[in-house]
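Working through the structure, step by step
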Amino acid sequence: MKIKKLLLIVLLSITFIFGMTSCKKQKQKLVVTTNAEFNPFEYVENGKITGFDIDLIRAYANKNDLELDIQDVDFDGALIAVSTGKSDLAIAGITVSEKRKETMSFSNSYYSADQVVIVKDGSKYENLNQDEILTQLSLDNAKIGCQRGTTGEYFIEGDEDWEFDGIKGAEVKSYDNGALAVTALSNGQIDAVIIDSAPARVLCKSIKNVKIVKDVLLTSEEYAIAVNKENTSLVESLNKFIFEAKEDGTLDAIVNKYFGTETEDVVIDDKSTFNKDNILSIFKGLGNTLIITFTAFLLGILLGVLVSLATNMQTKNKALLALKYLAKGYVMIFRGTPIIVQLLIIYYIVFKSFTGNAIWIGVLSFGLNSGAYVSEIVRGGIESVSAGQMEAGRSLGLNYHTVMKKIIFPQAIKNALPSLGNEFISLIKETSVIGFIGAFDLTLAFRKIANATYDYTSTYLLMGLLYFLLVLLFTCILKLIERRLNHDRIKGR
Ligand code: ARG
């Protein structure tokens, strides 16, 4: 009786607390995508996304009493998100162009920019003027770097909609972000980089042996906020805000904060690669990688077992037959396409309106992918149990399903254990592509540190080492489990 009363009190208080919290007026949420690898417009500092654009959109949110959900993804991803409606808007130093207007709307411009050329110190391109440098790069069939999906890329390749002729003969080298392109330049792997002017200045201050070619301004472009096409009221409200921000000094204050009043701008402090914030973010990434791997693996096992049962079914029932072929189709599709493709389709198309943590979409994708492989592993396990056992079971008068369940399946799983262990180990490594949909895992944690500190050597090496140790650890654990099972088997005989 007492317990019942207690339970009732607990339940009532929980309802009360929930009731209270939901009474509090919830602010409307604005989902914003960006690519925080474009200092000074957006970048990560001490684990937080900051920059010109972020200040601007925060000012907008404050003024309109909105709650911001800022998602940091690839530049491509930021644009796709806004055109598919996954985010309400993208702010990422995005240049307005007719081509982009086909899939998204733009606010009025808030900043004007140009593309510039970065070359190595002392390079033969260093003192050329605009026409000369373009001709020379073309004659040399130069390798020119840029960030994927940006104006720089269109400029080098040439694009009718953007009215760029392209640099004939040049080879485009597209990187995930500008810092990687400039690092490749500094290493001597490419001949030049074409990128927006303000980020170019930051990069040249932070990366050794590179400089901007003087007085070469290849384009003149306007940055604006990209908005989902259907959301005309948001465009209007942003335009109103931009207009007011220009009038009341908000925009000037942001410009001064990031560029100073002079053109000599942006102070870059010396950041150490593995400071406290960065180490914390590595742990967070590690935790996420483990969560993703474990949950996806469990989901994969569940799916794999069910699917292998379905594909091995012997039935004439139409509905069950349909299920069997559905299961076979699933295995074919998930084994027949790359995991990154599956991840992108599931995130951007199937769960187009999902705005929560991308990790869960990742878990689902890896679970589905792994399920297809696990089902094959289980099938192999079933086939490894000798056919005589089925016959023996049947001749004892048991039906097919009972023999399967009671005799074949338990042995099949045991035989399949080593391969299941391997599947787990592969998953640890495979999940490293989850950053493609912006989910924060171990790889993304390191990539972000590298892009913020430009210290690619130590970050990439440590990242490799950590994965190696992780795999080593789990290989040992699996070996122990296997040995244990074999031991039990021998004892059981
Ligand atoms: N302004 C260029 C464009 O729109 C580059 C923008 C890149 N922005 C970024 N956050 N990475 O194509």
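Residues numbered from 1 in each chain as written. Predicted model: local features only at pLDDT ≥ 70, side-chain atom pairs only at ≥ 80, totals over all residues.

1. Thoughts on the nonpolar core
Here is the rule we go by: Residues enter a nonpolar core if they are buried, belong to Ala, Val, Leu, Ile, Met, Phe, Trp, Tyr or Cys, and are joined to the set through C-beta atoms within 7 Å. The exposure label follows from counting other C-beta atoms within 10 Å of a residue's C-beta, where the C-beta atoms are placed from the backbone and the thresholds are 20 or more for buried and 12 or fewer for exposed, leaving partly exposed in between. Only DSSP runs of H or I covering at least 4 residues are called helices, and only runs of E covering at least 2 are called strands; the numbering of each starts at the N terminus. In this description, a residue-residue contact is defined by the distance between C-beta atoms placed from the backbone, which must lie within 7 Å.
Core analysis: the biggest nonpolar cluster contains 118 residues, and Ala-90, Ile-118, Ile-144, Ala-192, Val-193, Ile-194 and Ala-226 have the highest contact counts within it. The greatest single-element share of this core, amounting to 12 residues, is contributed by helix H14 (residues 358–384). Excluding residues that lie within four positions of it along the chain, Ile-118 makes contacts with Val-182, Leu-185, Ala-192, Val-193, Ile-195, Ala-200, Leu-203, Cys-204, Val-210, Lys-211 and Ile-212.

2. Section: the pairing of strand E10 (residues 171–175)
We count it as follows: Strands pair, by our definition, only if DSSP identifies at least two bridges between them. Looking down the strands as they point away from the viewer, one classifies a crossover as right-handed if the path from the first strand across the helix to the second runs clockwise.
By the bridge criterion, five bridges tie strand E9 (residues 143–147) to E10 in an arrangement that is parallel. Of the residues in E10, the one forming a bridge with Ile-144 is Val-172. For the crossover from E9 across helix H6 (residues 151–157) to E10, the handedness is right-handed.

3. Digging into the sheet that holds strand E2 (residues 37–38)
Read across the open sheet, the three strands follow the order E2-E3-E4; overall the sheet is antiparallel. Looking at which strands have only one partner, the edges of the open sheet turn out to be E2 and strand E4 (48–50). Pairing analysis gives three bridges linking strand E3 (residues 42–45) to E4, with the strands arranged antiparallel. Across the sheet, the residue bridging to Tyr-43 is Thr-50, located in E4.

4. Thoughts on the site of the ligand
Using the following cut-off: We call a residue near a molecule or strand when the C-beta position, derived from backbone atoms, sits within 6 Å of it. Polar here means any residue other than Ala, Val, Leu, Ile, Met, Phe, Trp, Tyr, Cys and Pro, which are nonpolar, and Asp, Glu, Lys and Arg, which are charged; Gly is therefore polar. Delimitation of the domains relies on an automatic or database domain assignment.
For the ligand, the set of nearby residues contains 13 residues, the closest of which are Asn-35, Phe-38, Ala-92, Thr-95 and Thr-150. Across the shell around the ligand, the residue classes tally to four nonpolar, six polar and three charged. Two domains each donate at least three residues to the shell around the ligand, and these are domain 1 (30–110 + 230–259) and domain 2 (115–219).

5. Focus on unusual backbone geometry
Omega for the bond connecting Asn-39 with Pro-40 falls within 30 degrees of zero, at 15 degrees, which places this linkage in the cis form. Relative to the helices and strands, Pro-40 is located in the loop between E2 and E3. Notably, Asn-46 is not glycine yet its phi reads approximately 50 degrees, a positive angle. Within the secondary structure layout, Asn-46 lies in the loop between E3 and E4. With a phi angle near 65 degrees, Asn-209 is a residue other than glycine that sits in the positive phi range. In this structure, Asn-209 sits in the loop between helix H8 (197–206) and strand E12 (210–212). The exposure class of Asn-209 is partly exposed, given the 15 C-beta atoms found within 10 Å.

6. Overview of the packing of helix H12 (residues 318–336) against H14
For clarity, the cut-off: Lines are fitted to the C-alpha atoms to define the axes, a helix being fitted only along its stretch in contact, and any angle between axes, read from their N-to-C directions, falls within 0 to 180 degrees. Geometric relationships in this document are graded by angle, where less than 35 degrees denotes roughly parallel, more than 145 denotes roughly antiparallel, 65 to 115 denotes roughly perpendicular, and other angles denote oblique. Two helices that cross are described as forming a left-handed crossing if the nearer one is turned anticlockwise from the farther one by less than a right angle, and a right-handed crossing if clockwise.
The geometry of H12 relative to H14 is characterised by a closest axis approach of 9 Å and an angle of 115 degrees between their N-to-C directions. In terms of orientation, H12 and H14 fall into the roughly perpendicular class. Every pair of crossing elements has a handedness; the one defined by H12 and H14 is left-handed. Facing Tyr-330, Val-331, Phe-334 and Arg-335 of H12, the residues of H14 in contact are Leu-368, Asn-369, Ala-372, Tyr-373, Ser-375 and Glu-376.

7. Points about the domain arrangement of the protein
Here the domain parsing of the protein yields domain 1 (30–110 + 230–259), domain 2 (115–219) and domain 3 (276–492). Distance between the C-alpha centres of domain 1 and domain 3: 38 Å. Contributing elements (two or more residues each) for the side of domain 1 that touches domain 3: E3, strand E5 (66–72) and helix H3 (75–84). Counting residues per element, the side of domain 1 that touches domain 3 draws most heavily on H3, which supplies three residues. The residue makeup of the side of domain 1 that touches domain 3, split by class, is five nonpolar, six polar and three charged.

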